[in-house]
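The lines below spell out each chain.
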Amino acid sequence: MAFFEWTDNLAIGVELIDSQHKKLVIAINDFYGAVHKGDDEAAVRKAVGHLVYYVKTHFSDEEELMEKYNYPHLAHHRKMHEMLTEKVAQYADKLKKKQKILSLDMAIFLKGWLENHITETDNRIADFIKNQKN
Ligand SMILES: [Fe+2]
Ligand SMILES: [Fe+2]
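Presented here is a report on the structure given in the accompanying data block. The structure displayed is predicted, hence computed values, not measured ones. (Residues numbered from 1 in each chain as written. Chains lettered and ligands numbered in written order. Predicted model: local features only at pLDDT ≥ 70, side-chain atom pairs only at ≥ 80, totals over all residues.)

Between its first and last C-alpha atoms helix 2 (residues 41-68) spans 40 Å; for 28 residues at 1.5 Å apiece the expected length is 40 Å, and the two agree. Listed as buried for helix 2 are Ala 47, Val 48, Leu 51, Val 55, Glu 62 and Met 66. The secondary structure elements touched by the buried residues of helix 2 are helix 1 (15-36), helix 3 (74-96) and helix 4 (103-133). Count one or two residues on from helix 2 and you reach Asn 70, which has phi positive near 50 degrees. (Helix = DSSP H or I, 4+ residues; strand = E, 2+ residues; numbered from the N terminus. Expected span 1.5 Å × (residues − 1). Buried ≥ 20, exposed ≤ 12 C-beta atoms within 10 Å, placed from the backbone. Contact = placed C-beta atoms within 7 Å.)

Right, let's talk about the environment of Ala 42 for a bit. As for its placement among the helices and strands, Ala 42 is situated in helix 2. The sequence separation of Ala 42 and Val 14 amounts to 28 residues, and the corresponding C-alpha distance is 35 Å.

The next subject is the packing of helix 2 against helix 3. Packed helix pairs are specified by the crossing angle of their axes together with the interaxial distance, meaning the distance between the axes. In contact at an axis separation of 10 Å, helix 2 and helix 3 are set at 170 degrees when each is read in the N-to-C sense. Between helix 2 and helix 3, the crossing angle belongs to the class labelled roughly antiparallel. For the pair formed by helix 2 and helix 3, the contact residues are Val 44, Arg 45, Val 48, Leu 51, Val 52, Val 55, Lys 56, Phe 59, Glu 63, Met 66 and Glu 67 on the first element and Leu 74, His 77, Arg 78, His 81, Thr 85, Val 88, Ala 89, Ala 92 and Leu 95 on the second. Class assignment for the residues of the contact of helix 2 with helix 3 results in 12 nonpolar, 3 polar and 5 charged. (Axes fitted to C-alpha atoms, helices over the stretch in contact; angles between N-to-C directions. Parallel < 35°, antiparallel > 145°, perpendicular 65-115°, else oblique. Nonpolar A, V, L, I, M, F, W, Y, C, P; charged D, E, K, R; others polar.)

Here is the structure:
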């Protein structure tokens with residue numbers, strides 16, 4: 001069983017976003033896998049590098065979608081994305097500087113953050129878009 005199992009209650013019903021969320025789940029699993037297996041630092045750093053890249057790509061696409069629909073809570077939502085991006089970047093930086101890090105804690109934190117953010121925050125975008133179309 002994967003560390004982070006995708007389940008249908010994480011689907012918000014917007015295809016692009018759902019497929020990106022699935023890829024984020026995979027990126028978190030890859031990161032967790034690298035840490036858990038005791039892979040070398042380079043492999044862990046590579047997994048984190050991909051995670052950082054993909055988090056940024058996804059947030060940017062999601063914000064673009066909110067802009068397109070004039071989503072009223074964009075500013076607040078963007079702020080949440082910025083805070084997470086900052087946290088992940090700080091973490092990646094610590095890894096680069098070979099500081100003592102708690103990688104498993106980070107993987108657990110990211111899993112919790114993403115589950116919560118998708119079901120509580122991203123879900124509202126989907127509701128808004130569906131209402132616009134009705
Ligand atoms: Fe979001
Ligand atoms: Fe999202």
